[in-house]
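# Summary of the model geometry
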Amino acid sequence: MNVTYVSTRNAEEEVTASQAILKGLSSDGGLFVPTALPKLDKDWDEFAAMDYQQTAYEVMKLLLTDFTEEELKGCIKSAYDEKFDTPEIAPLKEADGAYFLELFHGATIAFKDMALSILPHLMITAARKNKIENDIVILTATSGDTGKAALAGFADVKGTKIIVFYPKNGVSVIQEKQMVTQKGENTFVVGIHGNFDQAQTGVKRMFSDPQLGEELAEAGFQFSSANSINIGRLVPQIVYYVYAYAKLYKKGAIGKGEKVNIDVPTGNFGNILAAYYAMNMGLPVNRLICASNENKVLYDFFSTGTYDKNREFFLTTSPSMDILVSSNLERLIYRIAGNDPKKNTALMKQLQEEGKYEITPEMREKLSVFYGNYCTQEETAQAIHSLYEKAGYVIDTHTAVAKGVYDKYHKETGDTAKTIIASTASPFKFTRAVLSAIDPKYADAKEDDFALADILSGISGVKVPAAIETIRNAPVRHDTQCEVGEMPQVVKKFLGI
Ligand SMILES: *Cc1c(COP(=O)(O)O)cnc(C)c1O
């Protein structure tokens, strides 16, 4: 089956998978969505016998249909290699009655590596297939983790440049250090005086600015995106849900076809959307649990049918989820609107103009597989603390939001379906918050985050990851800051135009 991609805001513009990956965002501001979600064509006994790379091929071939087998396998091989610190790539750990799918074993110890280690290879392959001669300029807004993972993926990749914007005061010490020490002649990192939503809106605006696009083309450049709006991010994320399910089946924790819950700490709605796509492709899912922090715009959406970003914005201990406009939700809205670009566009216009929209009761009915809830920062810390006490297992603040929400879900519903919790970052990325959750005496610890990493290593019995060791004494290479309104000038300056 040949799967093509259309924009959520215009059914006319139909492109191939490789073109969608190259463009990132459709020119009308919409997101590319597949025109079909084909069923998985291997059964669970077959998946149970596969390693991560084989699973990746079997899943991705269904959606990236204009890539040849050789191309796709080449991309997978280059992505999922020794950059990961375990050949399992995404290990599944049982603790306190749930299964934690550890998605943080890549180069930057957050789940963004799962997709961003393959995206540069997909993009270079796509450029070759489409005979693109321009250099590709990756523009990325980050709430902390995407930036570093994208920088690591694209650093010194020929024919590309990468520019990352992050909220200057909205990321953890370690997240910032990871980005500003990034090597590579084609990398550029900018702290903006604003929050993540402003960075993301600024990036989207540059994408749909025709004049800027022209200036770039004249200079031999074109934009693409490494944000989770790029379909080349979303497709690789479907893989690990299939892989995790097959592992549970292989160990006898579930029977063939038994439904599981998938619980995801959510920000931009990319990771959980991948789980939803996996379900539509045949993964047996009972509930998709959407876990939010105090920026609980998604919880309110699932409980009321109204999406409303007009509210106070909180900086929390789970910064990668400090988001009020979850970009990928648009892909879900489009789907529950019956794949109708007109209905979707009208809602997105309301979001832009009034900051909110309400979906119809028919659309709401199609959301019944989702369960939304949230955790306060206290509840998040409590989740880390009690899991450590019960099981000796240390989780990061984002994963803890999901664990806390799972506990609420379990208490509310009594549902006993096996549950996979997406574990999205290593606790070593958020040492201060994690340690003070385990023991409040660390709340005002004078040690810097690196010294705290050593303490955490002692407590958890887990070695300090290489990703932390390598930035400990690395020199700062990027110190540019700018106002939100200056983002296009900064881009042009970096490109020399
Ligand atoms: C990005 C991120 C999230 C949120 O994922 P989305 O796909 O944006 O919903 C959660 N946890 C961590 C650690 C992240 O880096």
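Let me sum up the structure you'll find in this document. Please read these numbers as outputs of a predicted model, since none were measured by experiment.

### Comments concerning the overall build of the protein
Tallying secondary structure elements over the protein gives 22 helices and 16 strands in all. On C-alpha atoms alone, the protein measures out to a radius of gyration of 21 Å, which is about the 23 Å that the 2.2 N^0.38 rule sets for 497 residues. Buried residues in the protein amount to 61% of all 497 residues. Contacts in the protein between residues at least 24 apart in sequence constitute 75% of all its contacts with a sequence separation of at least 6. Only carbon and sulfur atoms are counted for the fraction: they give 48% of the accessible area of the protein, which is about 18,800 Å². Each charge class in the protein can be summarised by its mean position, and for the 53 positive and 64 negative side chains these summaries are 2 Å apart.

### Let's talk about the packing of helix H14 (residues 329-336) against helix H15 (residues 341-354)
Remark: H14 packs on H15, axes separated minimally by 8 Å, with the N-to-C direction vectors making an angle of 135°. Classified by the angle their axes make, H14 and H15 are oblique. Between H14 and H15 lies a crossing whose hand is right-handed. Contact with H14, carried on its side by Glu330, Ile333 and Tyr334, involves Pro341, Asn344, Leu347 and Met348 of H15 and no other residues of that element.

### Some words on the sheet that holds strand S16 (residues 480-483)
Reading across from one edge, S9-S6-S7-S8-S16 is the order of the five strands in this open sheet, with parallel pairing throughout. Two strands close off the open sheet at either side, each with one partner strand: strand S9 (221-225) and S16. Strand-to-strand, the axes of this sheet are offset by a mean angle of 30°, without reference to chain direction. Note: strand S8 (residues 187-193) against S16, four bridges, orientation parallel. Looking at the pairing, Val190 lines up with Thr480 of S16. Its contacts with the sheet put helix H7 (residues 145-154) on strand S6 (135-141), strand S7 (160-167) and S8, and the angle it makes with S7 is roughly 165°. Where helix H9 (residues 196-207) meets the sheet, its contacts fall on S6, S7, S8 and S9, and the angle it forms with S6 comes to roughly 150°.

### A word on the site of the ligand
Within the structure, the ligand sits among 15 residues, and Lys112, Asp145, Gly267, Asn268 and Thr424 are positioned closest to it. Backbone polar atom of Asn271 to an oxygen atom of the ligand: 2.8 Å apart, as the coordinates give it. Surface burial for the ligand is 98%, taken as the share of its 380 Å² of free accessible area covered by protein chains. Here the shell around the ligand is composed, by residue class, of five nonpolar, eight polar and two charged.

### Quick word on the side chain of Thr316
For Thr316, the position within the fold is in the loop between strand S12 (306-308) and H14. Judged by relative accessible area, which is 12%, Thr316 ranks as buried. Within the structure, Thr316 has its side chain in polar contact with the side chain of Asn293 (distance 3.0 Å). Within the local environment of Thr316, its side chain forms a polar contact with the side chain of Asp322, the two groups lying 2.7 Å apart. Filtering out sequence-adjacent residues up to four positions away, Thr316 remains in contact with Asn293, Glu294, Asn295, Asp322 and Gln377.

### Section: the environment of Met114
Note that Met114 resides in helix H5 (residues 112-116). In this structure, the C-alpha to C-alpha distance between Met114 and Ala149, residues 35 residues apart in sequence, is 9.1 Å. If near-sequence neighbours (up to four positions away) are discounted, Met114 is found in contact with Tyr52, Tyr80, Phe84, Ile89, Ala90, Leu103, Pro236 and Tyr240.

### What to know about the packing of aromatic side chains
This model, assessed by the stated rule, comprises 20 aromatic pairs. Ring geometry for Phe269 and Phe302: centres 6.3 Å apart, planes at 35°, overall tilted. In this pair, Phe269 sits in the loop between strand S10 (260-265) and helix H12 (270-280) while Phe302 sits in helix H13 (residues 297-304), placing the two residues 33 residues apart along the sequence. The same class applies to Phe269 as to Phe302, namely buried. Each ring, one from Phe301 and one from Tyr357, has its centre 6.4 Å from the other, and the planes form 70°; the classification is edge-to-face.

### So, helix H3 (residues 52-63)
Between its first and last C-alpha, H3 extends 17 Å over twelve residues, near the 16 Å set by a 1.5 Å rise per residue. Counted residue by residue, H3 has nine buried out of twelve residues, so it is predominantly covered. The set of residues buried in H3 consists of Tyr52, Thr55, Ala56, Tyr57, Glu58, Val59, Met60, Leu62 and Leu63. Its side-chain oxygen 3.3 Å from the backbone nitrogen of Gln53, Asp51 forms the N-cap of H3.

### Examining the sheet that holds strand S4 (residues 92-95)
Pairing within the open sheet is mixed, and its six strands lie in the order S4-S5-S15-S10-S11-S14. At either end of the open sheet lies a strand with only one pairing partner, and these are S4 and strand S14 (370-374). Taken pair by pair, the neighbouring strands of this sheet meet at an average axis angle of 25°, ignoring direction. Relative to strand S15 (residues 419-423), S10 runs parallel, the two being bridged by three bridges. Bridge pairing in S15 places Ile262 opposite Ile420. Sitting on the sheet, H12 is in contact with S10, strand S11 (285-292), S14 and S15, with an inclination near 170° to S11.

Here is what the cut-offs are and how they apply
- Residues numbered from 1 in each chain as written.
- Predicted model: local features only at pLDDT ≥ 70, side-chain atom pairs only at ≥ 80, totals over all residues.
- Heavy atoms only, no water.
- Helix = DSSP H or I, 4+ residues; strand = E, 2+ residues; numbered from the N terminus.
- Rg over C-alpha atoms; globule rule 2.2 N^0.38 Å.
- Buried < 20%, exposed > 50% of the residue type's maximum accessible area, 1.4 Å probe, protein only.
- Contact = heavy atoms within 4.5 Å.
- Areas by Shrake-Rupley, 256 points an atom, 1.4 Å probe, with all protein chains shown as cover.
- Lys, Arg positive; Asp, Glu negative; His and termini not counted.
- Charge placed at Lys NZ, Arg CZ, Asp CG, Glu CD.
- Axes fitted to C-alpha atoms, helices over the stretch in contact; angles between N-to-C directions.
- Parallel < 35°, antiparallel > 145°, perpendicular 65-115°, else oblique.
- Left-handed = near helix turned anticlockwise from the far one by under 90°.
- Pairing = 2+ DSSP bridges.
- Near = heavy atom within 4 Å.
- Polar contact = N/O pair within 3.5 Å; in protein donor to acceptor, adjacent residues only side chain to side chain.
- Nonpolar A, V, L, I, M, F, W, Y, C, P; charged D, E, K, R; others polar.
- Phe/Tyr/Trp six-rings, centres within 6.5 Å; stacked < 30°, edge-to-face > 60°.
- Expected span 1.5 Å × (residues − 1).

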